[in-house]
Amino acid sequence: IGTRMVVSARSFADFTPQASFPIKKCDLHRLEEGPSDEALLTREQGLQYYRTMQTVRRMELKADQLYKQKIIRGFCHLYDGQEACAMGIEAGINPTDHLITAYRAHGYTFTRGVAVREILAELTGRRGGVAKGKGGSMHMYAKNFYGGNGIVGAQVPLGAGVALACQYQGNNQVCVTLYGDGAANQGQIFESFNMAALWKLPCIFICENNKFGMGTSVERSSASTDYYKRGDYIPGLKVDGMDVLCVREAIRFAADYCRAGKGPIVMELETYRYHGHSMSDPGVSYRTREEIQEVRTKNDPISMLKERMLSNNMSSVEELKEIDLEIRKVIEDAAQYAISDPEPSLDELCNHIYARDPPMEVRGTNPWVKLKSVS
C-alpha cells in the first residue's frame, strides 16, 4: 500500500491536463464538410474512456468463461474488440438521447448506465438481472436504451420510430439506431431510411461493420460494401470505429446535424470483433488466428487510447494498472453475485406480459395450472 500511495501522491500535479490528437479523416457522402480531424482529450475523459472500455472488455471475457462453465446458457454475442464504438457514441451524445441496437448489446447496456452485476446476473438468468433474469443476453434495457433486439435488423424501424417521437415531442433529442453489416441488406432498413428522410427525423443510423455477418465476409454478402453510402439520398460518414476519439467526434458532428433539423444521417463504423459471432462460433473457420492477432496487436481500441495517454504524460503505467485491478475486483464481485443470486420464482413467470390488468388468466403448461400476470 505504501508504494501505491507514493504513486498517487506523485501524480496529479505532474500529469498533462489535456492534449490534442490528430485523428483519421472520415470519408464523406453528400456532405461538404465532415467532423474535425483533431480531437481534444482531457485527462479525466481519457481515464473515464479507459475505465469504461476496459470494464466492457473484462466483463465480456468473464461472460466467455461463465459460458464455457455452462453457467450462462443460450444465445451470447460478445462485444470485445468493438469497445470504442460504444464508448465513443456515449461520449458524443447526451444521457437524454436515445439508443437502440441489435443483439450484441452488453457493451451498450453498460455505457447506458447498467451495473456490471446486473448485466452478468441477467446472463445467468437470475432475479437481480437487469430484466429480472427473463431477458438474457439479447434483451436488456435501461432508461433511453431500447435493447437488445434478437431479430436481425428489426431494431432499425423501431429506432426511426423513437426518432419520430423525439420530433413529435420537440425535445431536441436524437436516436442512435445501430445495426451490423449482416443486417445492412435487409429491406426494412431501406424502408426506415425512406421514412426518416421524408420526415427529416433526428435519427443517426449506424452500421457497425465488424467485417463478418456470422461467418460471411462483407465482400461475399454485399454487392456494395460502402455502407455509409447506402442511404443514397441521406448523407453518410465512414469512421474508424477502433479509435474512440474518431467515433466521439463523428457522433458529435452527426448529432449536431440531426438537432439542426436537417434530417437523418448514416454512419459506418469500421470495427472488428475478437470472438466469433456468438459463443457457438469458434470464429476461426472463416478467418485466421493470425488475422485476429494482427488486429489485437496493431489496432486495439484500448491499447490505442492507453498509448496516447502514456506518450503524452496524461497518466502513468502504475495508475492504469491500479484501474485494471479495481476493474478486475468489480468483475469478480459481479460474477459471484451472478452465480449466487437466486433464479426468479415460477410465480413471476408470466409477469409483465400485459401493461395493465390482464384481460384473461394465463394458462400454464397444462389446463389446470393458472399463472397470474402482474405488471
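Report on the accompanying structure. Just so you know, these numbers come straight off a predicted model, no measurement behind them.

A word on the packing of helix α6 (residues 155-169) against helix α7 (residues 187-198). Here α6 crosses α7 at 15 degrees, and the two axes come no closer than 8 Å. It follows from the interaxial angle that α6 and α7 lie roughly parallel. The two elements α6 and α7 meet at a crossing, and its hand is left-handed. Along its contact with α6, which presents Val156, Pro157 and Ala160, the element α7 presents Gln188, Ile189 and Ser192. Broken down by class, the residue content of the contact of α6 with α7 amounts to four nonpolar, two polar and no charged.

Quick look at the packing of aromatic side chains now. Per the counting criterion, the structure on display carries four aromatic pairs. Considering the side-chain rings of Phe212 and Tyr286, the 5.1 Å spacing of their centres and the 50 degrees angle between planes classify their relative orientation as tilted. Of this pair, Phe212 sits in strand β7 (residues 212-213) while Tyr286 sits in the loop between β10 (265-270) and α10 (289-299); the two residues are 74 residues apart in sequence, bridging distant segments of the chain. Judged by relative accessible area, Phe212 falls into the buried class, the value being 9%. Ring pairs connect the aromatic residues Phe190, Phe193 and Phe205, which therefore count as one cluster. Over the ring of Tyr274 we find Arg296; its NZ or CZ atom is 4.2 Å from the centre of that ring.

What follows covers a nonpolar patch on the surface. A surface patch of nonpolar side chains, amounting to about 390 Å² of accessible area, comprises Leu164, Met195, Leu198 and Trp199. Among the structural elements, Trp199 can be located in the loop between α7 and β6 (203-209).

On to unusual backbone geometry, then. Although it is not a glycine, Asn144 sits at a positive phi angle of roughly 60 degrees. Relative to the helices and strands, Asn144 is located in the loop between α5 (116-123) and α6. When its relative accessible area of 15% is taken as the criterion, Asn144 is described as buried. One non-glycine residue, Asn172, lies in the positive phi region at around 60 degrees. Tracing the sequence through the fold places Asn172 in the loop between α6 and β5 (175-180).

All right, on to the nonpolar core then. By size, the foremost hydrophobic cluster in this structure holds 72 residues, and its most contacted members are Ile89, Ile204 and Met267. When residues no more than four places from it in sequence are discounted, the contact partners of Ile89 are Leu99, Tyr108, Val176, Leu178, Ile206, Val247, Ile251 and Leu269. Counting 20 residues, the second-largest nonpolar core is a separate cluster that includes Ile100, Leu201, Val218 and Ile234.

A few words now on the sheet that holds β10. Read across the open sheet, the six strands follow the order β2-β9-β10-β6-β5-β4; overall the sheet is mixed. A strand with exactly one partner marks an edge of an open sheet, and here the two such strands are β2 (27-29) and β4 (98-100). With strand direction ignored, the average angle separating the axes of adjacent strands in the sheet is 20 degrees. The strands touched by α7 within the sheet are β5, β6 and β10, with β6 carrying the most contacts at an inclination of about 150 degrees.

Rules and cut-offs
Residues numbered from 1 in each chain as written. Predicted model: local features only at pLDDT ≥ 70, side-chain atom pairs only at ≥ 80, totals over all residues. Heavy atoms only, no water. Axes fitted to C-alpha atoms, helices over the stretch in contact; angles between N-to-C directions. Helix = DSSP H or I, 4+ residues; strand = E, 2+ residues; numbered from the N terminus. Parallel < 35°, antiparallel > 145°, perpendicular 65-115°, else oblique. Left-handed = near helix turned anticlockwise from the far one by under 90°. Contact = heavy atoms within 4.5 Å. Nonpolar A, V, L, I, M, F, W, Y, C, P; charged D, E, K, R; others polar. Phe/Tyr/Trp six-rings, centres within 6.5 Å; stacked < 30°, edge-to-face > 60°. Buried < 20%, exposed > 50% of the residue type's maximum accessible area, 1.4 Å probe, protein only. Lys NZ or Arg CZ within 6 Å of the ring centre and 35° of its normal. Patch = residues over 30% accessible without salt bridge, like charges linked within 9 Å, V, L, I, M, F, W, Y side chains within 5 Å. Areas by Shrake-Rupley, 256 points an atom, 1.4 Å probe, with all protein chains shown as cover. Salt bridge = Lys/Arg side-chain N within 4 Å of Asp/Glu carboxyl O. Core = buried A, V, L, I, M, F, W, Y, C linked by side-chain atoms within 4.5 Å. Pairing = 2+ DSSP bridges.

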